[in-house]
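Chain by chain, the residues run as shown.
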Amino acid sequence: MSAAGVNANQLAKLSGVSQAALSQIMAAGPDKKVAAWVEAAVLTVPVPERAAEVTTDTALVPILGARRRFQALVASGYPAAQLARELGTARGNRTIRSLMGQRADSDGRVTQEIAAERERAVKALFDRLQLVPGPSAQARALGERRGWPLPIEWDEHAIDDPNARPMRARWTPASAREERREQVVELTARGLTNDQIAQRLGINTRLVDRDRAYVRTHDAGKPGTAESGTTEITAMAAVAVQARTDLANRRAVRHSRQIARSR
C-alpha cells in the first residue's frame, strides 16, 4: 500500500485498523507477525493504481502522476493559466506552481504531495483533453524547452509509476508530421494493424490512432475524396482492396486459359 502512495493514516480509515497498529506493522517490516483479523482487514482494501482512487478528498497523495498529466497538457498547447481556470483556481495558486514543477513550499522545495480531490480533477481534465491539441504555440514551445512529454507519449497505465518513462513520439516540424501521417495512411491501406504501424514508424499506437483521427477529420471533403465524406484512409484502403481483387481476377483468367489450351 505504501508503494501505491497510501499512508498508514489513510489505510487505517479504509481498513478499520488503528493507525498506531498499522504504523508499527509497517515499521517492523515483512517478517512482523500480526493478528489474523488485522491481516484480513488490511487485505480487504484493494491496492489502487493511484492513492487518490481510495482516499478522502482532503488526503494528501503523491503528486507525480498529476504533475506529469498537467505538464503534458501544457506541452500539447494548453497554457497553465487556461488549465488553472479549468481546475477552478488561479495561475499563481500554490497547487498550480507545484504541478508546473516550481518551488511552492515555504522552505523552497518542490511539493511532492497534492490533495486527492485535486489529483482526481487533474486526471479528469487530462482524460478529456489529452487527444485534443491546445491552441497555444507558446505553451507547446515551453513544454519542448523543458522536455515535457506529450500526452500520447505516456502509457496511461504507467504514468503514475515513478519508474515509468515516456515513449517519445514528437515529430516537431510540420513537414515531418505530414510525412508521418502520409505513412500512416499508406500502411493502413496496406492492411497493417496499429501495432505493426507503430513498430514500423517507431511511435506508439496512440499516436497512430491520433493520426488516423486527424486524417478522418481534416481530409473529408477535400479534392480527391468522395463527397459523402469518405476519408483518405478509407479511399486508399478501398483502392488496395480493389487492386488485390483485380490481381486475383487476372490470375483466375490466366489459369482458365491455360486449362483450355491444355485440353
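Structure's up top.
Residues numbered from 1 in each chain as written. Predicted model: local features only at pLDDT ≥ 70, side-chain atom pairs only at ≥ 80, totals over all residues. Heavy atoms only, no water.

Caption draft 1: Broad picture of the overall build of the chain. Tallying secondary structure elements over the chain gives twelve helices and two strands in all. For the chain, the α and β elements follow one another from N to C terminus as α-α-α-β-α-α-α-β-α-α-α-α-α-α. Out of the 263 residues belonging to the chain, those deemed buried represent 37%. Considering only residue pairs separated by 6 or more positions, the chain has 65% of its internal contacts joining residues 24 or more positions apart. Of the roughly 15,300 Å² of accessible surface on the chain, a fraction of 52% belongs to carbon and sulfur atoms. (Helix = DSSP H or I, 4+ residues; strand = E, 2+ residues; numbered from the N terminus. Buried < 20%, exposed > 50% of the residue type's maximum accessible area, 1.4 Å probe, protein only. Contact = heavy atoms within 4.5 Å. Areas by Shrake-Rupley, 256 points an atom, 1.4 Å probe, with all protein chains shown as cover.)

Caption draft 2: Fine view of the nonpolar core. With 40 residues, the main nonpolar core has Phe70, Val74, Leu83, Leu99 and Met100 as its most contacted residues. When residues of this core are traced back to their parent elements, those giving at least two are α4 (64-75), α5 (80-86), α6 (94-99), α7 (116-129), α8 (137-146), α9 (174-189), α10 (194-201) and α11 (205-219). When residues of this core are assigned to their parent elements, the largest contribution, six residues, is made by α4. If we ignore the near neighbours within four places in the chain, the residues touching Leu99 are Ile63, Ala66, Arg67, Phe70, Gln71, Leu87, Ile114 and Val122. (Core = buried A, V, L, I, M, F, W, Y, C linked by side-chain atoms within 4.5 Å.)

Caption draft 3: Seen up close, the pattern of salt bridges. Scanning all chains against the criterion turns up seven salt bridges. Ionic pairing is found between Glu86 and Arg128, a salt bridge with its closest N-O pair at 2.8 Å. Placement of the pair is Glu86 in helix α5 and Arg128 in helix α7, with a sequence separation of 42 residues. With relative accessibility at 38%, the residue Glu86 sits in the partly exposed group. We classify Arg128 as partly exposed; its relative accessible area is 49%. The structure contains a network of salt bridges with shared partners spanning Arg180, Arg181 and Asp211. (Salt bridge = Lys/Arg side-chain N within 4 Å of Asp/Glu carboxyl O.)

Caption draft 4: Local environment of the packing of α4 against α7. Running from N to C, α4 and α7 cross one another at 35°; their axes reach a closest spacing of 9 Å. Crossing hand, α4 versus α7: left-handed. For the pair formed by α4 and α7, the contact residues are Ala66, Arg69, Phe70, Ala72 and Leu73 on the first element and Glu119, Val122, Lys123, Leu125, Phe126 and Leu129 on the second. Looking at the contact of α4 with α7 residue by residue, the classes come out as eight nonpolar, no polar and three charged. (Axes fitted to C-alpha atoms, helices over the stretch in contact; angles between N-to-C directions. Left-handed = near helix turned anticlockwise from the far one by under 90°. Nonpolar A, V, L, I, M, F, W, Y, C, P; charged D, E, K, R; others polar.)

Caption draft 5: Structural context of the environment of Arg190. Take Arg190: it is sitting in the loop between α9 and α10. Using a relative accessible area of 48% as the deciding quantity, one classes Arg190 as partly exposed. A distance of 2.5 Å separates polar atoms of two side chains, one belonging to Arg190 and the other to Glu186. (Polar contact = N/O pair within 3.5 Å; in protein donor to acceptor, adjacent residues only side chain to side chain.)

Caption draft 6: Molecular detail of α10. Within α10, the full set of buried residues consists of Asn194, Ile197, Ala198 and Leu201. In an axial view of α10, the angular spread of the buried residues amounts to 100°, which keeps them on one side of the axis. Residues of α10 that are exposed and point more than 90 degrees away from the buried face comprise Asp195, Gln199 and Arg200. Gly202 sits one or two positions beyond α10 and adopts a positive phi of about 70°. (Arc of directions from axis to C-beta.)

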